[in-house]
Each structure stands twice: as C-alpha cells, then as structure tokens.
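Listed below, chain by chain, are the residues.
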Amino acid sequence: MVDTGELSDVAVAQRAGLGFIGLNGLLITPEFGSYVYLGEIITNIPFEPDVPMSNQCGSCTRCIDYCPPSALMGDGRLNAKRCLSYQTQTKGFMPEEYRPKIRSVIYGCDICQQVCPFNKGKDFHFHPDMEPDPESVMPELQPLLTIGNKEFKVKFGHLAGSWRGKKPLQRNAIIALANVKDRSAVPQLLQLIDTDPRPVIRGTAAWAIAQLTRDVTPELITFMQQAEAQEIDPEAQGEFQNALLKLNEQLSEN
Ligand code: SF4
Ligand code: SF4
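Just so we're clear, the structure is a prediction, and the values are computed from it rather than from any experiment.

**Q** Where do I start with the pattern of salt bridges in this structure?
**A** Two side chains carrying opposite charge are able to pair once their charged atoms lie near each other. Overall, the coordinates contain six salt bridges when judged by the stated rule. Across the salt bridge formed by Asp-196 and Arg-198, the nearest N and O atoms sit 2.9 Å from each other. You'll find Asp-196 and Arg-198 in the same group, each marked buried.

**Q** Please explain the nonpolar core as it appears in this structure.
**A** In summary, soluble globular proteins display a tendency toward joint burial of nonpolar side chains. Ranked by internal contacts, the top residues of the largest apolar core, which has 40 residues, are Leu-189, Ile-193, Ile-209, Met-224 and Leu-247. Of all the secondary-structure elements, those providing two or more residues to this core are helix H6 (141-145), helix H7 (149-156), helix H8 (166-179), helix H9 (186-195), helix H10 (199-212), helix H11 (218-230) and helix H12 (234-253). The dominant element in this core, judged by the number of residues it contributes, is H10, at eight residues. In contact with Ile-193, other than residues within four places in its own chain, are Arg-202, Ala-205, Ala-206, Ile-209, Phe-223, Met-224, Ala-227 and Phe-240.

**Q** Hey, could you run me through H8 in this one?
**A** Residue pairs spaced three or four apart in an α-helix point in one direction, given the helix's 3.6 residues per turn. The end-to-end C-alpha distance of H8 is 20 Å, a good match for the 20 Å that 14 residues give at a rise of 1.5 Å each. Counting buried residues in H8 gives 12 out of 14 residues, a clear majority hidden from the surface. Every buried residue of H8 is accounted for by Lys-166, Pro-168, Leu-169, Gln-170, Arg-171, Asn-172, Ala-173, Ile-174, Ile-175, Ala-176, Leu-177 and Ala-178. On its buried face, H8 is in contact with helix H3 (84-87), H6, H7, H9 and H10. With its phi angle positive at about 55°, Lys-181 sits one or two positions after the end of H8.

**Q** Hey, could you run me through the site of ligand 2 in this one?
**A** Taken together, Gly-22, Leu-23, Asn-24, Ile-28, Cys-57, Cys-60, Arg-62, Cys-63, Cys-116, Pro-117 and Phe-118 make up the full set of residues near ligand 2. Tallied by class, residues from the shell around ligand 2 come to eight nonpolar, two polar and one charged.

**Q** What exactly am I supposed to notice about a positive patch on the surface here?
**A** A surface patch of positive charge is lined by Lys-181, Arg-183, Arg-214 and Lys-246. Inspection of the secondary structure puts Lys-246 in helix H12. Overall, the relative accessible area of 33% leaves Lys-246 in the partly exposed class.

**Q** For this particular structure, what's the right way to read the packing of H11 against H12?
**A** In helix packing, the relevant descriptors are the interaxial angle and the interaxial distance, both defined with respect to the helix axes. Where H11 contacts H12, the two axes come as close as 10 Å, and the packing angle between them is 165°. The angle between the axes of H11 and H12 places the two elements in the roughly antiparallel class. When the axes of H11 and H12 are compared, the crossing they make is left-handed. Contacts between H11 and H12 involve Pro-218, Leu-220, Ile-221, Met-224, Gln-225, Ala-227 and Glu-228 from the first element and Gln-237, Phe-240, Gln-241, Ala-243, Leu-244, Leu-247, Asn-248 and Leu-251 from the second.

Parameters at a glance
- Residues numbered from 1 in each chain as written.
- Chains lettered and ligands numbered in written order.
- Predicted model: local features only at pLDDT ≥ 70, side-chain atom pairs only at ≥ 80, totals over all residues.
- Heavy atoms only, no water.
- Salt bridge = Lys/Arg side-chain N within 4 Å of Asp/Glu carboxyl O.
- Buried < 20%, exposed > 50% of the residue type's maximum accessible area, 1.4 Å probe, protein only.
- Core = buried A, V, L, I, M, F, W, Y, C linked by side-chain atoms within 4.5 Å.
- Helix = DSSP H or I, 4+ residues; strand = E, 2+ residues; numbered from the N terminus.
- Contact = heavy atoms within 4.5 Å.
- Expected span 1.5 Å × (residues − 1).
- Near = heavy atom within 4 Å.
- Nonpolar A, V, L, I, M, F, W, Y, C, P; charged D, E, K, R; others polar.
- Patch = residues over 30% accessible without salt bridge, like charges linked within 9 Å, V, L, I, M, F, W, Y side chains within 5 Å.
- Areas by Shrake-Rupley, 256 points an atom, 1.4 Å probe, with all protein chains shown as cover.
- Lys, Arg positive; Asp, Glu negative; His and termini not counted.
- Charge placed at Lys NZ, Arg CZ, Asp CG, Glu CD.
- Axes fitted to C-alpha atoms, helices over the stretch in contact; angles between N-to-C directions.
- Parallel < 35°, antiparallel > 145°, perpendicular 65-115°, else oblique.
- Left-handed = near helix turned anticlockwise from the far one by under 90°.

What follows is the structure, given as structure tokens:
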C-alpha cells in the first residue's frame, strides 16, 4: 500500500522503528528526516519486532509556531480541516480565513517540514524520476485560469496535484494572484466572472477583484452589481455581495 490504505502508516512506521513521530505528525527518520515516502507490505513472515523510536523534538516547537493556520495541535495531532494541504484540495469555496494564508502556493503545504531541524541539510535528490519539473510544479498562474481539459491533462495529469481535476487549482490560482497583488490579472478575472460556468470560479474571482482593485470606478461597481443580480448560486452570490461591500467602501474613500 502506498498513500492510501488500511494502515495508519506513520504509526506503523514508528512502531517498526523507522523513525519517531514529530510534533508535526510526520515520521522523522534519522537518515532522511521527514522526506520519505511510506509504503507497506502485509505479510505473515515472522520478523523479529524492531524497537519503536520515541519522540525527539525536545523543546522545539518550530512546526507549531510556523504553521500558518495553526493546524497542529501541539501533541503530534493535526486538525486536518485547518491544514492548507487539505484546504488547497477541496472543490468548493475556500473559507476566507485560509485564502491569504496559502500565499502563492496552489497545491499542498510543506512548511512544517521545511522548518524542522531534522530536515536541515538532508539530501533527498536520489532519483531523477522524482525530480520536479519547475514548469509543472510552479506554473504561471494566469494561463492556468483558462486552460482546457486536454491541455491540463497533458501538462499536469502525471502530477499528484492534478488528482482532483483543474477546478481546485484554478480556484487557488485566482486566490494566489490576489495574494501576490498581480493587478495585470484583473481583465482575465472580470472575463471569468462574465463567462465561466462554475460558481466557485466566478465567486472566487469576485473576491479577488475586491482584493486587487485600487481605483474603484462606478463602471466596475455596475459590472459587479449586474453579475451579482445574474448569479444563481447562493454561495457565489455571497462572494459578490462581500466584494461589492469592499469596493463601495473604497469608492466612498476615494
Ligand atoms: S502542511 Fe502547512 S498547514 Fe498543514 S500542518 Fe503543516 S504547516 Fe500547517
Ligand atoms: S519542527 Fe521541531 S517540534 Fe516540529 S517535528 Fe521538527 S523537531 Fe519536532
């Protein structure tokens, strides 16, 4: 089994003496830190049991301190719904709380691994097939917004990050464009509001417009009001209403 299966693989690996479970909930091995893949084979061969490894975090709390949404509970457990790795893989609207926290990362989160001292200086470049292609793992955000299904499959179909299809990644790309304050994306976002058939994309684009627009014009307000009036999805409608509140506030301040 790899990735999904009947076993809680981190707990099994800890009991098998491969490493200890850190306060970030990950298996930390002496050789590679937490940069390992776990897999299991169920067998009836009577192996002699190994000695489980106990926690070695000591007084360190870096993963807990640096986790942007405070998803780590402090005892090795994770509130999975708060984790950005989960939040970037959902299909609906991302709750507003998490949107700024993903920064420009549109899939997953590795912060609690990156800050762990047990990973410092670890070399995990062992196989050319496992080396990431920079263009695939850090794609340009704007072209992603309108990519077709076929092209998406060719470019990203082989990556784990594509398992839920293109919509969550496109939603996240819209959020990321707002987070990095890329105002050149505004025309494309307005186009999505106008033409995209998916409420999550329209509503998230409305949120992004409110984040990105500096000089609010009456024309933009009219456009957003019309879009809100035409919106049939209640959640997307809520996004338009919030965006309009923000834009109207800005307009009255100008
Ligand atoms: S992956 Fe990111 S969001 Fe999730 S627990 Fe680790 S640091 Fe927190
Ligand atoms: S960052 Fe510190 S507390 Fe967290 S798992 Fe690594 S050693 Fe343990």
